[in-house]
Amino acid sequence: MLLNLEPLYSSIVENIKARISKLPRPPKLAAVTCQPAPSTLSYLRSQEKQAKRLGIEFAVYEAPKALDLKLLLPKLSADDTVNGIFLTHPLPSDISELEAVSLISPEKDVEGRHPISLGNIMYDNPIFPPCTAEAVLRIIKYVTNPAGKTITIVGRSVTVGKPLSMLLLQKGVDATVTVCHSRTKNLAEITRNSEIVVVAIGKAKALGKEYFSPGTLVIDVGINVENDEIFGDVDPSVAEICELTPVPGGVGRITTLVLMEHTVKAAEMARKY
């Protein structure tokens, strides 16, 4: 069956609004874009709508060249009116993602891509984990207690697979985690023997029912567009035998709220200094 995440979504929304009401001014989220494709512009519009619904200020800044980015990101990091910064893709070809995200102040790295943000996870001290990884953890906790559960993550990206594995391993969460990737042998055997499977490989409908045992909780992180339709990394038929997060309307929707919640947290942290 498809999971109904509406109660989780609503609870996060209410939490964000309650916290914003206690701040002296609305938090401000800055989106930095370099060479936006139509899909990026659509994503920014949806983020802006969500921010405004929650009471968060939203501003878009353009930095088409690497030099522009190197000047803008430190400037926004030093701007006391800006609480959170996130950077869209694609980046200019002459700057790496590591170099770019390292220009953002860790205190405003609400996407959780800065090396310091990722390093904090290793010490069981996540401040701003990558938003998608945290969204997946929220969903798992919403459905079940992950302690002692066998969880397989299919995908090893810096923003999902790797940090999610560390979040699931941290004390107090205590899952038993396997990370699989494109070179993993006997993938279906591993996933069929898992209680929870998270799929984040960026390939539409790549895993079908043969990869899962009945009753498995399957978290589909994928967002793939085919013929103007959106599909996850998991074939929709998997919902016939498993608990499956919907695409769209599943992980992505919670991820957006986590980004907004991180912006509020950054504003709360700045107020304490």
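Residues numbered from 1 in each chain as written. Predicted model: local features only at pLDDT ≥ 70, side-chain atom pairs only at ≥ 80, totals over all residues. Heavy atoms only, no water.

## Concerning a positive patch on the surface
Then, number 1: A surface patch of like charges, here positive, comprises Arg156, Lys162, Arg183 and Lys185.
Then, number 2: On the accessibility criterion, Lys162 (47% relative accessible area) is partly exposed. (Patch = residues over 30% accessible without salt bridge, like charges linked within 9 Å, V, L, I, M, F, W, Y side chains within 5 Å. Areas by Shrake-Rupley, 256 points an atom, 1.4 Å probe, with all protein chains shown as cover. Salt bridge = Lys/Arg side-chain N within 4 Å of Asp/Glu carboxyl O. Lys, Arg positive; Asp, Glu negative; His and termini not counted. Charge placed at Lys NZ, Arg CZ, Asp CG, Glu CD. Buried < 20%, exposed > 50% of the residue type's maximum accessible area, 1.4 Å probe, protein only.)

## Description of unusual backbone geometry
Then, number 1: A cis geometry characterises the amide bond from His89 onward to Pro90, with omega recorded as 0°.
Then, number 2: Tracing the chain through its elements places Pro90 in the loop between strand S3 (84-87) and helix H4 (97-101).
Then, number 3: The amide bond that connects Val247 to the next residue, Pro248, takes the cis arrangement and shows omega of -5°.
Then, number 4: Looking at the element boundaries, Pro248 is found in the loop between strand S10 (243-244) and helix H9 (251-272).
Then, number 5: Phi angles above zero are rare outside glycine, and Asp124 is one such case at about 55°.
Then, number 6: Along the chain, the position of Asp124 falls in the loop between helix H5 (115-122) and helix H6 (131-143).
Then, number 7: Here Lys205, not a glycine, exhibits a phi torsion of approximately 50°, which is positive.
Then, number 8: Looking at the element boundaries, Lys205 is found in the loop between strand S6 (196-199) and strand S7 (217-220). (Helix = DSSP H or I, 4+ residues; strand = E, 2+ residues; numbered from the N terminus.)

## Focus: the sheet that holds strand S5 (residues 176-180)
Strand pairing in a sheet relies on backbone hydrogen bonds. The paired strands run either parallel or antiparallel.
Then, number 1: Taken together, the five strands give an open sheet; going across it, the order is S5-S4-S6-S7-S10, and neighbouring strands pair in parallel fashion. The open sheet terminates on both sides in strands that have one partner only, identified here as S5 and S10.
Then, number 2: Pairing analysis gives four bridges linking strand S4 (residues 150-154) to S6, with the strands arranged parallel. What sits directly across from Val154, in S6, is Val199. (Pairing = 2+ DSSP bridges.)

## Remarks on the side chain of Glu134
Then, number 1: Position of Glu134 among the secondary structure elements: in helix H6.
Then, number 2: Residue Glu134 is classed as buried on the basis of its relative accessible area, which comes to 11%.
Then, number 3: Setting aside its immediate chain neighbours within four residues, Glu134 contacts Pro129, Leu167, Val258, Glu261 and His262. (Contact = heavy atoms within 4.5 Å.)

## Re the sheet that holds strand S2 (residues 57-62)
Then, number 1: On the basis of which strands lie adjacent, the open sheet formed by three strands has the order S2-S1-S3 and parallel pairing. Of all strands in the sheet, those bounded by a partner on one side alone are S2 and S3. Neighbour to neighbour, the strand axes of the sheet diverge by 20° on average, direction disregarded.
Then, number 2: One ladder, built from four bridges, connects strand S1 (residues 28-33) with S3; its direction is parallel. (Axes fitted to C-alpha atoms, helices over the stretch in contact; angles between N-to-C directions.)

## Some remarks on the packing of helix H1 (residues 6-20) against helix H2 (residues 38-54)
Angle between the axes and distance between the axes are the two parameters that describe a pair of packed helices.
Then, number 1: Relative orientation of the contacting elements H1 and H2 amounts to 60°, with a least axis distance of 10 Å. Accordingly, the angle class assigned to the pair H1 and H2 is oblique. In this structure, H1 uses Tyr9, Val13, Ile16, Lys17 and Ile20 to contact H2, whose residues at the interface are Gln50, Arg53 and Leu54.
Then, number 2: Partitioning the contact of H1 with H2 into residue classes produces five nonpolar, one polar and two charged. (Parallel < 35°, antiparallel > 145°, perpendicular 65-115°, else oblique. Nonpolar A, V, L, I, M, F, W, Y, C, P; charged D, E, K, R; others polar.)

## A short note on the packing of aromatic side chains
Then, number 1: Enumeration according to the criterion identifies two aromatic pairs in this entry.
Then, number 2: Centroid distance Tyr43 to Phe86: 6.2 Å. Interplanar angle 90°. Geometry classified as edge-to-face. Here Tyr43, found in helix H2, pairs with Phe86, found in strand S3; they are 43 residues apart in sequence, far enough to count as distant.
Then, number 3: Taking relative accessible area as the criterion, Phe86 reaches 1% and is therefore assigned buried.
Then, number 4: Relative to Phe86, the ring of Phe58 lies with its centre 6.2 Å away and its plane at 45°, an arrangement referred to as tilted. Highlighted residues: Phe58 in strand S2 and Phe86 in strand S3, separated in sequence by 28 residues.
Then, number 5: In this structure an aromatic cluster arises from ring pairing among Tyr43, Phe58 and Phe86.
Then, number 6: One residue, Lys205, lies across the ring of Phe231, its end atom 4.1 Å from the ring centre.
Then, number 7: It is Lys265 that lies over the ring of Phe128; its NZ or CZ is 5.7 Å from the centre. (Phe/Tyr/Trp six-rings, centres within 6.5 Å; stacked < 30°, edge-to-face > 60°. Lys NZ or Arg CZ within 6 Å of the ring centre and 35° of its normal.)

## Examining the layout of surface pockets
Then, number 1: The computed volume of the largest pocket comes to approximately 1600 Å³.
Then, number 2: Taken together, 45 residues line the largest pocket, and the ones lying closest to its centre are Tyr43, Thr132, Ile223, Gly252 and Thr255.
Then, number 3: Among the elements of the structure, H2, S3, H6, strand S8 (224-226) and H9 are those that each provide at least two residues to the lining of the largest pocket.
Then, number 4: The element contributing the most residues to the lining of the largest pocket is H2, with nine residues. (1 Å grid on protein atoms, 1.4 Å probe; cavity = no way out; pocket = protein on both sides within 12 Å on 5 of 7 lines; lining within 4 Å. Points joined across faces, edges and corners; volume = space filled by probe spheres on them.)

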